[in-house]
Number of protein chains: 2
Amino acid sequence: MSDAAIAASVVPLPIEEVAEKLAVPAKAVYRYGPHKAKLGLDFVSTLAPTGKLVLVTAINPTPAGEGKTTTTIGLGDALSRLGTKVAVCLREPSLGPVFGAKGGATGGGRAQIIPMQDINLHFTGDLHAITAAHNLLSALIDNHIHWGNALDLDARRISWRRVMDLNDRALRQVTIGLGGPPNGFPREDGFDITVASEVMAILCLADSLQDLEARLSRMVIGQTRGRRMVTAEELGGIGSMVALLRDAFQPNLVQTMEGTPALVHGGPFANIAHGCNSVMATRSALALADVVVTEAGFGADLGAEKFLDIKCRQAGLAPSAAVVVATVRALKMHGGVAVKSLGIPDVAAVKLGCANLKRHVENLSKFGLPVVVALNHFTSDTDEEVAAVAAELSPLGVSVHVCRHWAKGGTGAEDLARAVLEAIEKPSDFRFLYPDALPLAEKIETVAREIYRAERVDFSTAAAAKLKEFEAAGFAHLPVCMAKTQYSFSANPLARNAPSGHVLPVREVRLSAGAGFVVALAGDIMTMPGLPSAPAAHEIFVMPDGFIAGLS
Amino acid sequence: MSDAAIAASVVPLPIEEVAEKLAVPAKAVYRYGPHKAKLGLDFVSTLAPTGKLVLVTAINPTPAGEGKTTTTIGLGDALSRLGTKVAVCLREPSLGPVFGAKGGATGGGRAQIIPMQDINLHFTGDLHAITAAHNLLSALIDNHIHWGNALDLDARRISWRRVMDLNDRALRQVTIGLGGPPNGFPREDGFDITVASEVMAILCLADSLQDLEARLSRMVIGQTRGRRMVTAEELGGIGSMVALLRDAFQPNLVQTMEGTPALVHGGPFANIAHGCNSVMATRSALALADVVVTEAGFGADLGAEKFLDIKCRQAGLAPSAAVVVATVRALKMHGGVAVKSLGIPDVAAVKLGCANLKRHVENLSKFGLPVVVALNHFTSDTDEEVAAVAAELSPLGVSVHVCRHWAKGGTGAEDLARAVLEAIEKPSDFRFLYPDALPLAEKIETVAREIYRAERVDFSTAAAAKLKEFEAAGFAHLPVCMAKTQYSFSANPLARNAPSGHVLPVREVRLSAGAGFVVALAGDIMTMPGLPSAPAAHEIFVMPDGFIAGLS
């Protein structure tokens, strides 16, 4: 059965009933049809977070899959079954992967958020609003140059690209303004996917409409010919951007297949941005529920580090525990097994691959977080393999919990849920990896050393100079946002498991002044994916009764 | 007081109450917040049109303004006040003009549809859905070429451009696919504004989800190197496009400031497309109300002709009457008065300018429609000027009705409403201007001769050859969609009033095989507007309470 068909097998609760579970007053529920809603800004602005926050993260991803989103949903449903007042906080999907290779972002099996078709397609329009706001600024930039360029913008140094919420490689690098004077001045440009927009990062980090406006105003869009940084505010359209984003800024409420409230809001790229759902949603959930389960992008080296050092730092959040998701199959891959041999029991490879898992667990303890391991179960896993994982983790004082939420829903994750409930009662000692005051280069070096286990960082001359420039311009206090391959602790995507002693090359750094971080690029980072030769777009269709088939 | 402030002065009815006025069952009302809804496709698919359709059109627009949308709304409110079960059908706004010079499309003064901010910004996401569906096809085209180009598409002959729902001149002409093999093959491309997309025209002409899919499949996106026309279907993503458009295909329900139901759905360009709201909305309204008031784009020479010859032909609709909107000020401009002198009474100029109005009235009678003239009142109009208009129209047997809905709402258009109620009871003799069977060139010549009063049509060699090509390819039966300046009966925008004996140059023709018409371009037609030096985007902002100010 397809995910879409499984999702369609349950009758969703009216969204008002889901809201009631969180005691959201009816007038704060801004409905989008019977099963989706936004929570009114008037209401959420009054909320103060009091609940406990649980982060779901993972080992370095492999083609074997790990199931971070399904674990987040399954854990939420299991906590709900155990009587906890819980909400899950997830990112919203982008149309790029939906029509490309990766698929949607609503979980799978019996661990899904619904209505899955709506969420995976336009949902409540947040990504479209971000696209429009971002590209309005782009149009204002070229319009400014066209009508006299009073700011003396250097067309060669405009860093603000355009965006599109699709996978479209042909738009990565373009020339615009061709065709003569009526069409403006020709210049080089390019499109990123919308989730890579700084507007998306800002929407996810702002904690009020005023903060949203202030952050948008601070964005640096390029330089003058005299090399002065030009901010978005100088283009004069921030009010219009806020107007376009006003509704999108309100958290979305949906539900899991088992009726657990899910706040699904925002979804910034996990490489050049911080990769987690919005602060507005997380803060709202922490006010409305006793326990909030959320996830971060990629593996813990990237996703969890950014969640903790960027999002939690900016939003004043202190998580109570972390769950690291692994699978026997993925550990085998870290242990050297090829995809085609994953079905063959191999305890030795599992033990070897546990080095990846153990390092993530150790890293998370550096943030002072209690850690629990979720072993997402596949039918091909043997008892010996599962026991090997538990045995490997035992010396770290970390328990391993086999999860079957994909097949069974919340009931399959109750063991994990009980462990999490125990973990969040432990005394918390949450701390950031580095202080605000550390120079930018040293922040990067700290992450490389403590999390990636690199021997050193190799800054390009340009990157080193730019970091000095950013510090001189008043951005020394910002956290760093590492853009590195998700597949390895190192910058080499082929170096699985637990490499150490490597050199982290930082070739380029970028300032996201509105989002409030400095991006360090360690390797080639793609901000506009392409479609595969057989894209998912070829398989999706609408049935005569209106049911959308082919989404996963 | 601004339009936004006037609109905010009334408390809107809950959208459920508006739906009740049309006896729409609650389960067919798919709410987007408290004051917007979509009508479920399941429900509207069952409806059969029975009401009477009234078209509001206008003289050729001038900078003096005429007020077609406000008249449509005011007439709806007036009919409602007189006890008629009425609905208005309007087009939805595009973000381009909202942030550019023209502003929104929700009327003005006391004749507005609400919530005006929502409708003028994202509304229910229809335009975003069209943008996504259109650009997904674009991405699939370049992806197809990238992965081997099995169809042997000629990259120089791809007519399917990309779209963006903004005014952005820099995107009119671009080169894409730059940067080497990973980014595809470089080629020339360009962006149109979303409302110019054939997908928009199709969404507005399709009468079922199946028809929508069939029309999308038929669209011609370019040619092979062997000059074979390639259809969208061959790219393999039609199902995904329909999935993206499924919700957008459902008509939107809002209300006027006086609580009259308004179906606001679709908004194709009025030059390269037919310029009226969706068939789904109009048919639904005609089933749910006794009288439906709708408008067409530009003046009657373009908007009404296309409404009648394209939309009514394709949808099997027969309007019962037409209202031609004029103002004393605009008639003065047609009579030769400059903008700066419009405040000076000038009965002679008004009489002279009535030639424009009279010709539109005569033209509409060629379609067999009873005609009523609405004279949209400005405080500077003198009684003598108003009397002159009535006197000029009297020989045609057409009554002139002064309207004050902008200042007074529905009560200001009751006189017009009574005249319309009389007109729609007259025996109807509706007919198209030309039969399907007429060759394409002769259809163009018929419109030029009968409506524009041109002496002849001057086809370029290329245009004449393409018309033959389209006919040979099986498109001879299609109606023609004239793309001509809106400011004149001729192709010269400076030739106001009632020019005749002119030559209509048709330089280029294009096939919209999915929409189902052949576009004839008479003059330079802009499909991607630019922003002015002081765009509206500079004046829009969000107040601390969330109110969006600066929209008009």
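Here, every reference points to the structure presented above.
Being a predicted model, the structure only gives us computed values, none of them experimental.

**Let's talk about the sheet that holds strand β7 (residues 153–158) of chain B**
All names here are of chain B. The strand order across the open sheet built from three strands is β7-β12-β13, with neighbouring strands paired in antiparallel fashion. Both outer strands of the open sheet, β7 and β13 (229–231), are each paired with one neighbouring strand and no more. Adjacent strand axes in the sheet meet at a mean angle of 50° when their direction is disregarded. As defined by bridge partners, β7 adjoins strand β12 (residues 220–224) across two bridges and the pair is classed as antiparallel. From the neighbouring strand, leucine 153 faces β12, where its bridge partner is threonine 224.

**Some thoughts on the relation of the copies chain A and chain B**
Rotating chain A by 180° about the axis while translating it 0.0 Å along that axis superimposes it on chain B, leaving an RMSD of 0.0 Å. Viewed as a symmetry operation, the transformation between the two copies matches a two-fold axis. Within chain A, tyrosine 32 of chain A has its C-alpha nearest the rotation axis, a separation of 2.2 Å.

**Section: empty space enclosed by the protein**
In this approach a probe as big as a water molecule rolls over the atoms, and the regions it shows empty are the leftover space. All told, the structure shown has seven cavities of 30 Å³ or more when counted by the stated rule. Its boundaries defined by the atoms lining it, the largest cavity holds a volume of some 420 Å³. Along the walls of the largest cavity sit 35 residues, with Tyr32, Thr124 and Gly125 of chain A together with Thr124 and Gly125 of chain B positioned nearest its centre. Grouping the constituent residues of the lining of the largest cavity by class yields 14 nonpolar, 10 polar and 11 charged. As for the second largest cavity, its lining consists of 18 residues, of which His128 and Thr131 of chain A together with His128, Thr131 and Met164 of chain B are closest to the centre. Put simply, the parts of the chain that give the lining of the second largest cavity at least two residues each are α7 (126–146) and β8 (162–164) of chain A together with α7 (126–146) and β8 (162–164) of chain B.

**Concerning the interface of chain A and chain B**
Each side of the interface is counted separately: chain A has 68 residues, and chain B has 68 residues. It is Arg31, Arg169 and Arg246 of chain A that lose the most area in chain A upon contact with chain B, and together they represent 10% of the buried surface on that side. For the interface between chain A and chain B, the tally reads four salt bridges. In this structure, aspartate 168 of chain B and arginine 162 of chain A form a salt bridge, with 3.0 Å as the shortest nitrogen-oxygen distance. At the junction of chain A and chain B, the tally comes to 37 residue pairs in polar contact (both at pLDDT 80 or more). Of all elements in the fold, only β1 (29–31), α5 (95–99), α7, β8, β9 (174–176), α9 (209–218), α10 (238–245) and β25 (541–542) of chain A reach the threshold of two or more residues within the side of chain A that touches chain B. The greatest single-element share of the side of chain A that touches chain B, amounting to 10 residues, is contributed by α7 of chain A. Of the residues belonging to the side of chain A that touches chain B, the class tally is 37 nonpolar, 21 polar and 10 charged.

Quick notes on the rules
In every chain, residue numbers begin from 1 and rise along the written sequence. The lettering of chains begins at A and the numbering of ligands begins at 1, in the order of writing. This being a predicted model, a pLDDT of at least 70 is required before a residue's local features are given, and a value of 80 or more before pairs of side-chain atoms are given or counted; all residues contribute to the totals for chains, interfaces and linings. Hydrogens and water are ignored here; the side-chain numbers use all heavy atoms of the structure. In this scheme, strands are said to pair when DSSP sees at least two bridges between them. Numbering of helices and strands starts at the N terminus; helices are DSSP runs of H or I of at least 4 residues and strands are runs of E of at least 2. Geometry is summarised by axes, namely lines fitted to C-alpha atoms with helices restricted to the contacting stretch, and by angles between N-to-C directions that run from 0 to 180 degrees. For this overlay, a least-squares fit was computed on C-alpha atoms, restricted to residues scoring pLDDT of at least 70 in both copies. Here the term cavity refers to a set of points on a 1 Å grid, laid over the protein atoms alone, in which a 1.4 Å probe fits but cannot get out; the term pocket refers to an open set having protein on both sides within 12 Å along at least five of seven lines, with lining residues being those that place an atom within 4 Å of a point. Grid points are joined across faces, edges and corners, and a volume is the space filled by probe spheres set on the points. Residues are grouped as follows: Ala, Val, Leu, Ile, Met, Phe, Trp, Tyr, Cys and Pro are nonpolar; Asp, Glu, Lys and Arg are charged; all remaining types, including Gly, are polar. Contact definition: two residues touch when any of their heavy atoms are within 4.5 Å. Note on terms: buried area is the combined drop in 1.4 Å-probe accessible area of two parts once they are placed together, counting the loss on both. When a carboxyl oxygen of Asp or Glu is within 4 Å of a side-chain nitrogen of Lys or Arg, the pair counts as a salt bridge. Here a polar contact is recorded for every N or O atom pair within 3.5 Å, except that within protein the pair must consist of a potential hydrogen donor and a potential acceptor, and residues adjacent in sequence are included only if both atoms are side-chain atoms.

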